[in-house]
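# Coordinate inspection notes
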Amino acid sequence: MTRQFTAAQASGEVYVLGEGPVWDPARQRLLWVDIDAGAVHEGRLDPATGAVTATTAHTFGGTVGAVAVSAGGEFVVAEREVLTRVDAAGRRTELARVLPPGVRSRLNDGAVDPAGRFLIGSMALDDREGQEVLARLDGTTCVRLDDDLTLSNGLAWSPAGDRLYSIDSTPHVVWERDYDPATGRTGSRRELFRLADGMPDGMCADAEGNLWIAVFGGGRVECRDAGGRLLATVEVGAPKVTCPAFAGPDLDVLVITTSTEGVDLAEHPGSGHLFTARVGVRGLATPYWVPPRS
C-alpha cells in the first residue's frame, strides 16, 4: 500500500526557482539555491516544527544551479558555466570550467559522491536535445560521465555508495550505473525506470536505499524503490516541485524546494516556498565536498 504524506509550508520567503537543499550538520544549517536569482541561501531548520528561517544570502552574477559544502565550511558553487570555490572568508576563485563560453546551456543540479567529489550536470536553454553533460570534478579537472543528456537533474547514491542514480528530466528517465567510490569509476549506464505521470526533477535517497523524487509540475514528491515501485507520495502545496533532501540533526525532516516560474500565484500561493514533511524514514547523510589542495 502506498503511503500518503502532506508537506507543510516551511518558509516565509518566496524564491523564483528554489533548488538543491543541502544539510550541513557541522554548522546545523540548511543551504539551498535560487537558480534564477543567482543566490545561495543559508538558513536554520527548526526540527520540532519544520520551519525554515533564512539567515544569509550569497549572490552571484548569473544563475546558480547547485551548491555543496566542505567540512571546513567552504562552498563549491555551480555558476552558469563554471564551478566556483568560496572559502570560509568569502573569497571566490574559479575551480573549473564545465561548459564552453556562450553555449546556450547552464549548469543545473549537482551533488557530492561518497568520497567527497562533486558531480554536476547541465541543461539546454533552447530546443537542443541530447547534447548536455554530467561531469565529475576531480581536483580542478572535470571528467565527463555523460554527454548525451538534455536536462541533467537529480543525483543520488545507494547506501553502500556502489550505485549512482541520475535523472534526465526531458525523457523522464532515472538512470543507474555501478560506481566505485574509491576511484570514481563508473559502469555502463542503464535505464532504471521512467516516470509516466510527470517530470522527474531533483532526487535524494533514504537510509533504506529508496529514492525520493520531485515531480515537477505534479505537485508531489514520490518515493520509489530501486526497482521503480511506488512506495509513498508527499503532496506539496505548489505544482512545480523541484528537489527534496533530508535534513535536521536526525536526518528525518524532508525539505522540499519549489518554483514560481510560470505559476499563477493567485491559484497556487505556496509556490516558491520551502516545504517540510516527516515521512517516517531517515535520509542518507550528505557527504562533505573535499576541496582540492591549494
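This text follows the structure it describes.
Here is a short report on the structure shown in this document. This structure is a prediction, so every number in the text was calculated from the model and none was measured.

Take the sheet that holds strand β16 (residues 163-168) next. The strand order across the open sheet built from four strands is β15-β16-β17-β18, with neighbouring strands paired in antiparallel fashion. This sheet does not close on itself; its edge strands, each paired only once, are β15 (152-157) and β18 (190-194). Averaged over all neighbouring strand pairs, the angle between strand axes comes to 25°, with direction disregarded. Of the strand pairs in this sheet, β15 and β16 are connected by four bridges, and their pairing is antiparallel. Looking across to β16, one finds that Ala-156 is bridged to Tyr-165.

The next point concerns the environment of Val-263. In this fold, Val-263 is placed in the loop between β24 (253-258) and β25 (275-277). Residue contacts for Val-263: discarding those within four places in its chain leaves Pro-239, Lys-240, His-268 and Ser-271.

Here the focus is the pairing of strand β14 (residues 141-149). The sheet contact formed by strand β13 (residues 132-138) and β14 spans six bridges and is antiparallel. Across the sheet, the residue bridging to Leu-134 is Asp-146, located in β14. The loop that links β13 with its antiparallel partner β14 comprises two residues; one of these, Gly-139, has a positive phi angle of about 70°.

All right, on to the pattern of salt bridges then. Inspection of every chain in the model, using the stated rule, returns 24 salt bridges. Among the ionic pairs, Glu-42 bridges to Arg-29, the shortest N-O distance being 3.0 Å. Of this pair, Glu-42 sits in strand β5 (residues 39-45) while Arg-29 sits in strand β4 (residues 29-34), placing them 13 residues apart in sequence. Looking at Glu-42, the relative accessible area reads 12%, which means it is buried. By relative accessible area, Arg-29 is classed as buried at 9%. In this structure, Arg-117 engages Asp-138 in a salt bridge whose closest nitrogen and oxygen atoms are separated by 3.9 Å. Here Asp-138 lies in strand β13 and Arg-117 lies in the loop between β11 (105-112) and β12 (118-124), a separation of 21 residues in the sequence. Among the charged side chains, a salt-bridge network with shared partners connects Asp-162, Arg-163, Glu-176, Asp-178 and Arg-190.

Summed over all chains, the structure comprises three aromatic pairs. For the ring pair Tyr-15 and Trp-32, a centre distance of 5.8 Å and an interplane angle of 80° mean the geometry is edge-to-face. A residue pair is termed long-range when its members are at least 10 positions apart, and Tyr-15 in the loop between β2 (8-9) and β3 (18-24) and Trp-32 in strand β4 qualify at 17 residues. Taken individually, Tyr-15 and Trp-32 each receive the classification buried, so the pair is uniform in this respect. Plain terms: the ring middles of Trp-212 and Phe-246 are 5.9 Å apart, the flat faces sit at 85° to each other, and that makes the pair edge-to-face. Taken as a pair, Trp-212 in strand β20 (residues 211-216) and Phe-246 in strand β23 (residues 241-247) lie far apart in primary sequence, 34 residues in all. One Lys or Arg, Arg-189, reaches over the ring of Trp-175 and ends 4.0 Å from the middle of that ring.

Scoring rules and cut-offs
Residues numbered from 1 in each chain as written. Predicted model: local features only at pLDDT ≥ 70, side-chain atom pairs only at ≥ 80, totals over all residues. Heavy atoms only, no water. Pairing = 2+ DSSP bridges. Helix = DSSP H or I, 4+ residues; strand = E, 2+ residues; numbered from the N terminus. Axes fitted to C-alpha atoms, helices over the stretch in contact; angles between N-to-C directions. Contact = heavy atoms within 4.5 Å. Salt bridge = Lys/Arg side-chain N within 4 Å of Asp/Glu carboxyl O. Buried < 20%, exposed > 50% of the residue type's maximum accessible area, 1.4 Å probe, protein only. Phe/Tyr/Trp six-rings, centres within 6.5 Å; stacked < 30°, edge-to-face > 60°. Lys NZ or Arg CZ within 6 Å of the ring centre and 35° of its normal.

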